[in-house]
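This is what each chain is made of:
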Amino acid sequence: MKDDRLSEARYALRGHVRCAVCRPDGSLHESEDRGVLPMLLWLDEDRDFLRGASVADKIVGRAAAMLMVYGGVSEVYASVISRGALDYLQEHGVNVSYTNTCIAISNRRGDGICPMERAVAPVSDPEKAFEVLKEKCLGHKE
């Protein structure tokens, strides 16, 4: 079952879709938003939205990985994943597959580290990462 859900989520990564979630009930949710925004919005609306889900994302950095762990995903596919994200997901028992790895996720200008990655660099707890990213991206705290 998991392989089917992950395949469905992976297939959804076409065109403008950047992140796809196939939930345990078989429902598929897609987002064209960049970065961690899709997961933040889904988790802010429903804390259990990602619980047991299969997630496919074009780019996964440590910030996204921490949100996935916080949400309780069961498996992840990334077109590109940072080493920090890969290590974090594996340390937390999440099944991971990917196409390419990189040292770190760059900002959109390509001249430095992604600001979301920088924001969670000193954090190891996924709940704290959610709070930090939520405040940074959505402008409010829990």
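Our subject is the structure listed above.
Residues numbered from 1 in each chain as written. Predicted model: local features only at pLDDT ≥ 70, side-chain atom pairs only at ≥ 80, totals over all residues. Heavy atoms only, no water.

*Asks:* Explain the pattern of salt bridges to me, and be specific about the residues and the numbers.
*Replies:* All chains considered together, the criterion is met by four salt bridges. Between Arg51 and Asp48 there is a salt bridge, with its nearest N and O atoms 3.5 Å apart. Note on Arg51: relative accessible area 40%, which makes it partly exposed. In this structure, Asp111 and Arg109 form a salt bridge, with 3.3 Å as the shortest nitrogen-oxygen distance. An identical accessibility class is assigned to Asp111 and Arg109; each is exposed. (Salt bridge = Lys/Arg side-chain N within 4 Å of Asp/Glu carboxyl O. Buried < 20%, exposed > 50% of the residue type's maximum accessible area, 1.4 Å probe, protein only.)

*Asks:* Now, about the packing of helix H3 (residues 62-71) against helix H4 (residues 83-91): what can you tell me, with residues and values included?
*Replies:* The interhelical angle for the contact between H3 and H4, taken along N-to-C directions, is 20 degrees, at an axis separation of 8 Å. Considering the angle they form, H3 stands roughly parallel to H4. Where H3 crosses over H4, the handedness of that crossing is right-handed. Contacts between H3 and H4 involve Arg62, Ala65, Met66, Met68 and Val69 on the former and, on the latter, Gly84, Ala85, Tyr88 and Leu89. (Axes fitted to C-alpha atoms, helices over the stretch in contact; angles between N-to-C directions. Helix = DSSP H or I, 4+ residues; strand = E, 2+ residues; numbered from the N terminus. Parallel < 35°, antiparallel > 145°, perpendicular 65-115°, else oblique. Left-handed = near helix turned anticlockwise from the far one by under 90°. Contact = heavy atoms within 4.5 Å.)

*Asks:* A description of H4 should follow, citing residues and the corresponding values.
*Replies:* Taken together, the buried positions of H4 are Ala85, Leu86, Tyr88 and Leu89. When H4 is viewed along its axis, its buried side chains cluster within an angular range of 165 degrees and face the same direction. Looking at the buried positions of H4, the neighbouring elements they touch are strand E3 (54-60), H3, strand E4 (75-82), strand E5 (95-102) and helix H6 (126-138). (Arc of directions from axis to C-beta.)

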